[in-house]
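Notes for the structure review
Take a look at the letters that make up each chain.
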Amino acid sequence: MDIREIAKRAKVSTATVSRAINRVPTVDPKLAKRVWKIVQELGYYPNTQARALVSGRTRIFGLIVSDLTNPFFPEIVQSFEDTAVEHGYEILLTSTVHDPKRMEMSVRRMIERRVDGVAILTFGMEESLLEGLRFRQVPLVFVDIGPALPRVCNIRIGYERGIRQAVQHLAALRHERIAFVTGPLSLKSAVTRKDAFETAIREIGMQIDRQLLVEGDHTMEGGMRALGDLLKLSTPPTAIMCSNDMTAIGVMREAYERGISVPQQVSVVGFDDIRLSRFFIPPLTTIQMSQLEIARLAFRALVTEVERDAPTSHGTEYVLNTDLVLRNSTALAKQR
């Protein structure tokens, strides 16, 4: 069974069958409907390899994430795949487990598989590794660190907005000692969040207390350790902001183990707004960085680059803002 038989039964040309199967928008809708009716009746499946040889496109996008055990990333993967399926694309997925060598191998393997583009949504890729990539002819999408080069898109996260809202919210609740648990400071995104926190603290007239800045690792265990360190201070914080929700959940778990009530004794704010955060007890106040929107932006960026006749000389930037989501893990500061 091939497209010639389909063309014969649908009484159209083979070119029309090819365009209809490839969902070319210029095909007459009535003809496309007739073609797809025959395709479904015959149970025809296109030879994707042959189609790629003819068109030069595989209709496959690569998707690289950091860690599939972190609930933040499965939501991105699901949203990216849903959008891809809607547009007739497949995805080739891999996880780096925070290993730069594995990331480089993943990108190389995907390009060898002739994917049409790669979305690298890892929130932390070393600058030196970026310089070593030599795959500029294939569209690439990064988060925060995309260089200004042809066929490279960058999704810049507006961390400042959401973090400013969170700091101002805690200040309005009369918190004067606000701690911040960072992510691994080897990651540019973690440094950017820490810098945004310090800027927001200065904006409300508070001094930066370095004792209240604790480096975490974006895990629940790291959040538990961070709370333990903060409680050793002579004057512990009354509020703790975290670089991601997993850290915040770890802080809340350790508080529970120590008999510390959230938010009556200490307020906690996360970052990401993973699905789990709204079901935790108490529901977590957090800064939303929409996984759905990141996935949509990444997919749109790749499609735009694939369909662009000539690449822009300095790449393309997309901006995603963040916003505070109020729940029940913050409250008025307990007076000392």
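Residues numbered from 1 in each chain as written. Predicted model: local features only at pLDDT ≥ 70, side-chain atom pairs only at ≥ 80, totals over all residues. Heavy atoms only, no water.

This part takes up helix α1 (residues 3-10). Taken together, the buried positions of α1 are occupied by I6, A7 and A10. Taken end-on, α1 shows its buried residues confined to a sector of 100°, consistent with a single buried face. Those residues of α1 that are exposed and aimed more than 90 degrees away from the buried face are R4 and K8. Along its buried surface, α1 packs onto α2 (14-21) and α3 (29-42). Downstream of α1 by one or two residues, K11 has phi in the positive range, about 60°. (Buried < 20%, exposed > 50% of the residue type's maximum accessible area, 1.4 Å probe, protein only. Helix = DSSP H or I, 4+ residues; strand = E, 2+ residues; numbered from the N terminus. Arc of directions from axis to C-beta. Contact = heavy atoms within 4.5 Å.)

Let's shift gears to the sheet that holds strand β3 (residues 117-121). Spatially, β2-β1-β3-β4-β5-β11 is the arrangement adopted by the 6 strands of the open sheet, whose pairing is parallel. Only two strands of the sheet have a single partner each, and these edge strands are β2 (90-95) and β11 (316-321). Within this sheet the neighbouring strands show an average axis-to-axis angle of 20°, counted without direction. Judged from the 6 bridges that link them, strand β5 (residues 152-158) and β11 form a sheet pairing that is parallel. Its bridge partner being in β11, I155 is matched across the sheet by Y318. Against the sheet, helix α5 (residues 72-86) engages β1 (60-65), β2 and β3, with an angle of about 170° to β1. In the packing of helix α12 (residues 291-307) onto the sheet, contacts are made with β1, β3, β4 (140-143), β5 and β11, and the angle to β11 comes to roughly 165°. (Pairing = 2+ DSSP bridges. Axes fitted to C-alpha atoms, helices over the stretch in contact; angles between N-to-C directions.)

Our next topic: the sheet that holds strand β7 (residues 213-215). In space, the 6 strands of this open sheet follow the order β7-β6-β8-β9-β10-β12, with mixed pairing throughout. Of all strands in the sheet, those with a lone pairing partner are β7 and β12 (323-325), marking the two edges. Looking at each pair of strands side by side, their axes are set apart by 20° on average, direction ignored. Where strand β8 (residues 239-242) and strand β9 (residues 267-272) come together, 3 bridges link them in parallel fashion. By the bridge assignment for β9, I240 is matched with V268. Where helix α11 (residues 245-257) meets the sheet, its contacts fall on β6 (178-182), β8, β9 and β10 (285-288), and the angle it forms with β9 comes to roughly 155°.

For α3, which comprises 14 residues, the first-to-last C-alpha distance of 20 Å matches the rise-based estimate of 20 Å (1.5 Å per residue) to within 8%. Along α3, the residues that are buried comprise A32, V35, I38 and V39. Along the axis of α3, the buried residues cluster in a sector spanning 125°; they form a single face. Opposite the packed face of α3, turned more than 90 degrees from it, sit the exposed residues P29, K30, K33, Q40 and E41. Buried residues belonging to α3 abut α1 and α2. For α3, the capping residue at the N-terminal end is D28, with a side-chain oxygen 2.8 Å from the backbone nitrogen of K30. (Expected span 1.5 Å × (residues − 1). Polar contact = N/O pair within 3.5 Å; in protein donor to acceptor, adjacent residues only side chain to side chain.)

This model, assessed by the stated rule, comprises 18 salt bridges. We note a salt bridge from R193 to D272, for which the minimum N-O separation is 3.9 Å. One end of the pair, R193, is in helix α9 (residues 188-203); the other, D272, is in strand β9, and 79 residues separate them in sequence. For R210, the salt bridge goes to E198, with nearest N and O atoms at 2.7 Å. Here the residue R210 occupies a position in the loop between α9 and β7, and E198 occupies one in helix α9, the gap between them amounting to 12 residues. The buried category is assigned to E198, whose relative accessible area is 7%. (Salt bridge = Lys/Arg side-chain N within 4 Å of Asp/Glu carboxyl O.)

Turning our eyes to something else, we now look at unusual backbone geometry. What is expected of a backbone is that most residues other than glycine have negative phi and most peptide bonds are trans. With omega at 10°, the peptide bond leading from V262 into P263 counts as cis. Here the bond from I281 into P282 is cis, since omega is -5°, no more than 30 degrees from zero. Turning to its location among the elements, P282 is positioned in the loop between β9 and β10. Even without being glycine, K11 reaches a positive phi, approximately 60°. For K11, the location among the structural elements is in the loop between α1 and α2.

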